[in-house]
Number of protein chains: 2
Amino acid sequence: MLSDLIRCVVLALLLALGFGGNGSSTRADPLPSWNEGAAKKSITEFVARVTAQGGVEFVPPELRIATFDNDGTLWAEQPIYFQAAFAIDRAKALVSRDPELRKRDVLKALLKGDRAALAASGKKGLEEIVAVAHAGVTTEEYAKVVSGWITSARHPRFNRPYTELVYQPMLELLAYLRANGFKTYIVSGGGVEFIRVFAERVYGIPPEQVVGSYGATKFQIGADGRPTLIKLPMVEFIDDGAGKPVAINRFIGRRPILAFGNSDGDHAMLQWTAAGSGARFMGLVHHTDGEREWAYDRKSRIGKLDKVLDEANAKGWTVVDMKRDWRRVFP
Amino acid sequence: MLSDLIRCVVLALLLALGFGGNGSSTRADPLPSWNEGAAKKSITEFVARVTAQGGVEFVPPELRIATFDNDGTLWAEQPIYFQAAFAIDRAKALVSRDPELRKRDVLKALLKGDRAALAASGKKGLEEIVAVAHAGVTTEEYAKVVSGWITSARHPRFNRPYTELVYQPMLELLAYLRANGFKTYIVSGGGVEFIRVFAERVYGIPPEQVVGSYGATKFQIGADGRPTLIKLPMVEFIDDGAGKPVAINRFIGRRPILAFGNSDGDHAMLQWTAAGSGARFMGLVHHTDGEREWAYDRKSRIGKLDKVLDEANAKGWTVVDMKRDWRRVFP
């Protein structure tokens, strides 16, 4: 009650000083990095409809669940998924200081930069690198390692930290939705513990609203009596494709009314969202801007956008044309 | 902003009418069903310490995570787990109308009430009953079935709906914590989709704050083009014992600062909570009241309270003596 009171006093002061207020005639554009057009209009109209008290499409705040893919939707994903860049750096660092690991062919190839041997190791080789990079430490040690990497590693093309390659228009959209009572979630094929390290700082999304792929962990009490969770080199769940609605049901337990993705890996999540009753918003980021970012879709190895683009076009879902709809790409 | 304004107007009216307010000199006891004593005092003192702005033990609201076991902690669990009662009723109903299911020995025994045959089928037989009861339908159909059962089934001893066998003191504790900025979670060995059906109505805990055991589900698009999630007869994760810290890490991604349980199945959750830095609260409900509820602990088949009771006593965790500490048990 006291914290409510403080909030009210602050609100009264803000209003008195002329800030904010949806009813104010001088209100600022909540989506300044979006060009005027069909995509932006579809967003603001949807939010207006579901938040209009007494309107036929009103949705109470507790049901305003919005889910966002991460790679290619909230931040870039080229030339390789950023978590893959982390896995390579991390595996290299581990191999360079551990002679035992160097006995394993794929890890030796990684350290030597032997591309032919790496390619020959195929999917199994990649899985071995990922397993080494993400296991063998406690969950807390892992978070520290990711934190160190994410603040120091730089993207090869832009020479900026990866967390600066988030999309400014999507940051504005997340904040706009939250200001309108939505609970914003990440539902990503990436590792849940990887994303949580920076999601709150970068996206304003707390750990408990990050859903992702996850590996096995083991609870154990150390010799010092201290309990830890050890990360094991076993993937338990891949939160991609048909796994996304499964994870949404498992972690959130409510169906989103808004979902945003950028690839066929988001198709099932968007179908699941579309199939609910009442007002729905399905959005896709279409990477059309080779100059400011990248241009790719149906033929891309990463972030392939094909079947879901057809369904979006057929059903009138919102397709954001990055080149045309975004005034600005990165912050 | 508009909804904030409405909330403030309502708050101002309430205050004008003399309701509520922690700052009021006539403030009501937030835990009226708790007798005065060490247990109640340990709770209110902990909350005061972690919410005191500027205090050395202050915890910001986003880190005020509280996790509660369900069976035996928030509601009763005797003579059998309530979800087991559901599984039996549901399996019987299914078997009675499906001749195919009647061909399976354990299900035939269940329908006939053949206790000897049921006992002989052992753990495997029980798993078969649980699988039949919880699978073969969509997640939405399952929620409807549970909802129908929970509103109509009655407890054999008390002849009341199971949802009336929740503990009034714990309902007050949940509300008290939330009023002090805590996010309250259920972390239960029960099925997450089972508990979510009534958690919001009964406990004020929304679906996304219920963590539990879960089975496999399969996303599929029906012949009518409608996507559904089908529940499969495979358990993926048991959220009990050492699984509880694993699930807390997986679903919440933050360590609780307060945890409450009642059995050795909660031991790991309490150890995990205790091992964090800063102020911590570990609580146990000790079932000591055979008259109003049940009295059981170290020798009980259900809700065995043994090793964790030793650790609680050794480390000064709060052990709630139901008979002594609770003025009232059920609402």
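Turning our eyes to something else, we now look at the overall build of chain A. Helix and strand counts for chain A come out as 13 helices and seven strands. Radius of gyration (C-alpha) of chain A: 22 Å, near the 20 Å computed for a compact globule of 331 residues. Summarising its shape, the C-alpha atoms of chain A cover approximately 70 × 50 × 35 Å along the three principal directions. Looking at the 331 residues of chain A, the share that counts as buried comes to 52%. On chain A, the mean spot of the 44 positive side-chain charges and the mean spot of the 38 negative ones are 1 Å from each other.

Next up on the list: the confidence of the model for chain A. All names here are of chain A. For chain A, the mean per-residue pLDDT works out to 92, and 92% of the residues sit at or above 70. pLDDT under 50 marks residues 14-25. Its contacts with residues more than four places away, or in other chains, come to eight contacts. Across the whole predicted complex the pTM is 0.91, and at the interface the ipTM reaches 0.90.

Our focus in this paragraph is the pairing of strand 7 (residues 318-321) of chain A. Looking along a regular strand, one sees the side chains alternate between the two faces of the sheet. Residues and elements named next belong to chain A. Two elements, strand 6 (residues 281-286) and strand 7, share four bridges in a ladder whose sense is parallel. Following the sheet pairing, Gly283 is matched in strand 7 by Thr318. In terms of handedness, the path from strand 6 via helix 12 (residues 307-315) over to strand 7 forms a crossover that is right-handed.

Residue and element names in this part refer to chain B. Closest axis-to-axis distance for the helix 3 (residues 82-96)/helix 7 (residues 139-152) pair is 11 Å, and the angle between their directions is 105°. Classified by the angle between their axes, helix 3 and helix 7 sit roughly perpendicular to one another. On the side of helix 3, the interface is formed by Phe82, Gln83, Ala85, Phe86, Asp89 and Arg90, while helix 7 contributes Tyr142, Val145, Val146 and Trp149. Classifying every residue of the contact of helix 3 with helix 7 by side-chain character gives seven nonpolar, one polar and two charged.

Residue and element names in this part refer to chain B. Along the chain, Asp98 turns up in the loop between helix 3 and helix 4 (99-102). The partly exposed category is assigned to Asp98, whose relative accessible area is 27%. On a C-alpha basis, the gap between Asp98 and Thr273 in space is 47 Å, while along the polypeptide they are 175 residues apart.

Attention now moves to the nonpolar core. Side chains of nonpolar character tend, in soluble globular proteins, to be buried together. Counting 163 residues, the largest nonpolar core has Tyr203 of chain A together with Tyr203 of chain B as its most contacted members. The contacts of Tyr203 of chain A, once residues within four sequence positions are left out, are Asn70, Leu74, Trp75, Val166, Leu171, Leu174, Arg178, Ile186 and Phe198 of chain A.

Let us look at the sheet that holds strand 3 (residues 210-221) of chain B. Backbone hydrogen bonds are what pair the strands of a sheet, in a parallel or an antiparallel way. All names here are of chain B. Read across the open sheet, the seven strands follow the order 4-3-2-1-5-6-7; overall the sheet is mixed. Pairing within the sheet leaves two strands with one partner each, and these edge strands are strand 4 (227-237) and strand 7 (318-321). Neighbouring strand axes in the sheet, compared pairwise and without regard to direction, differ in orientation by 30° on average. The pairing of strand 1 (residues 65-68) with strand 5 (residues 258-261) spans three bridges and is parallel. Bridging across to strand 5, Thr67 finds its partner in Ala259. Across the sheet, helix 9 (residues 192-203) lies against strand 2 (183-191), strand 3 and strand 4, angled at about 145° from strand 2, the strand it touches most.

Here the focus is the sheet that holds strand 6 of chain A. All names here are of chain A. A sheet is described by the order of its strands in space; here seven strands give the open sequence 4-3-2-1-5-6-7, paired in mixed fashion. Either end of the sheet is taken by a strand with one partner, and the two such strands are strand 4 (227-237) and strand 7. With strand direction ignored, the average angle separating the axes of adjacent strands in the sheet is 30°. For strand 2 (residues 183-191) and strand 3 (residues 210-221), the ladder comprises three bridges, and the chain directions are parallel. Looking at the pairing, Gly191 lines up with Ser213 of strand 3.

Three- or four-residue spacings in an α-helix give side chains the same orientation, since the helix completes a turn every 3.6 residues. All names here are of chain A. Taking 1.5 Å of rise per residue, 14 residues should cover 20 Å, and helix 2 (residues 38-51) covers 20 Å from first to last C-alpha, within 8% of that figure. Those residues of helix 2 lying buried are Ala39, Lys40, Ile43, Phe46, Val47 and Val50. The arc enclosing the buried residues of helix 2, seen along the axis, measures out at 135°, which places them on a common side. Across helix 2 from its buried face, at more than 90 degrees, point the exposed residues Ala38 and Lys41. Buried positions along helix 2 lie against helix 8 (168-179), strand 5 (258-261), strand 6, strand 7 and helix 13 (322-325).

Let's shift gears to the pattern of salt bridges. Think of it this way: side chains of opposite charge can pair up when their charged atoms draw near. The final tally for this structure, using the stated rule, is 44 salt bridges over all chains. Of the charged contacts, one joins Glu208 of chain B and Arg254 of chain A as a salt bridge, the two residues approaching to 3.2 Å between their closest N and O atoms. Of this pair, Glu208 of chain B sits in the loop between helix 9 and strand 3 while Arg254 of chain A sits in the loop between helix 10 (243-252) and strand 5, placing the two residues on different chains. The residues Glu208 of chain B and Arg254 of chain A share a single accessibility class, namely buried. Linked by salt bridges that have partners in common, Lys183 and Arg254 of chain A together with Glu200 and Glu208 of chain B make up one network.

Now for the pairing of strand 4 of chain B. Residue and element names in this part refer to chain B. Two elements, strand 3 and strand 4, share seven bridges in a ladder whose sense is antiparallel. From the neighbouring strand, Tyr214 faces strand 4, where its bridge partner is Phe237. In this antiparallel pair of consecutive strands, strand 3 and strand 4, the connection spans five residues, and Gly225 shows a positive phi of 80°.

Residues and elements named next belong to chain A. For the peptide bond that leads from Gln78 to Pro79, omega is -5°, which places it in the cis range. Located in the positive-phi region is Asn159, a residue other than glycine, with phi close to 50°. As for its position among the elements, Asn159 is in the loop between helix 7 (139-152) and helix 8.

So, about the packing of aromatic side chains. One pass over the structure, following the stated rule, counts 41 aromatic pairs over all chains. Their ring planes at 35° and their centres at 5.8 Å tell us that Phe260 of chain A and Phe281 of chain A sit as a pair that is tilted. Highlighted residues: Phe260 of chain A in strand 5 and Phe281 of chain A in strand 6, separated in sequence by 21 residues. With relative accessibility at 0%, the residue Phe260 of chain A sits in the buried group. Overall, Phe281 of chain A belongs to the buried group, its relative accessible area being 4%. Aromatic side chains Trp149 of chain B and Tyr162 of chain B sit 5.0 Å apart centroid to centroid with 15° between the ring planes, which places their arrangement in the stacked category. Taken together, the residues Trp149 of chain B in helix 7 and Tyr162 of chain B in the loop between helix 7 and helix 8 (168-179) connect sequence positions 13 residues apart. Tyr162 of chain B sits in the buried class, given a relative accessible area of 6%. The structure contains a cluster of three or more aromatic residues connected by ring pairs, namely Trp75, Phe82, Phe86, Tyr142, Trp149, Tyr162, Phe194, Phe198 and Tyr203 of chain A.

Conventions adopted
- Residues numbered from 1 in each chain as written.
- Chains lettered and ligands numbered in written order.
- Predicted model: local features only at pLDDT ≥ 70, side-chain atom pairs only at ≥ 80, totals over all residues.
- Heavy atoms only, no water.
- Helix = DSSP H or I, 4+ residues; strand = E, 2+ residues; numbered from the N terminus.
- Rg over C-alpha atoms; globule rule 2.2 N^0.38 Å.
- Buried < 20%, exposed > 50% of the residue type's maximum accessible area, 1.4 Å probe, protein only.
- Lys, Arg positive; Asp, Glu negative; His and termini not counted.
- Charge placed at Lys NZ, Arg CZ, Asp CG, Glu CD.
- pLDDT = per-residue confidence, 0-100.
- Contact = heavy atoms within 4.5 Å.
- Pairing = 2+ DSSP bridges.
- Right-handed = clockwise from strand over helix to strand, strands pointing away.
- Axes fitted to C-alpha atoms, helices over the stretch in contact; angles between N-to-C directions.
- Parallel < 35°, antiparallel > 145°, perpendicular 65-115°, else oblique.
- Nonpolar A, V, L, I, M, F, W, Y, C, P; charged D, E, K, R; others polar.
- Core = buried A, V, L, I, M, F, W, Y, C linked by side-chain atoms within 4.5 Å.
- Expected span 1.5 Å × (residues − 1).
- Arc of directions from axis to C-beta.
- Salt bridge = Lys/Arg side-chain N within 4 Å of Asp/Glu carboxyl O.
- Phe/Tyr/Trp six-rings, centres within 6.5 Å; stacked < 30°, edge-to-face > 60°.

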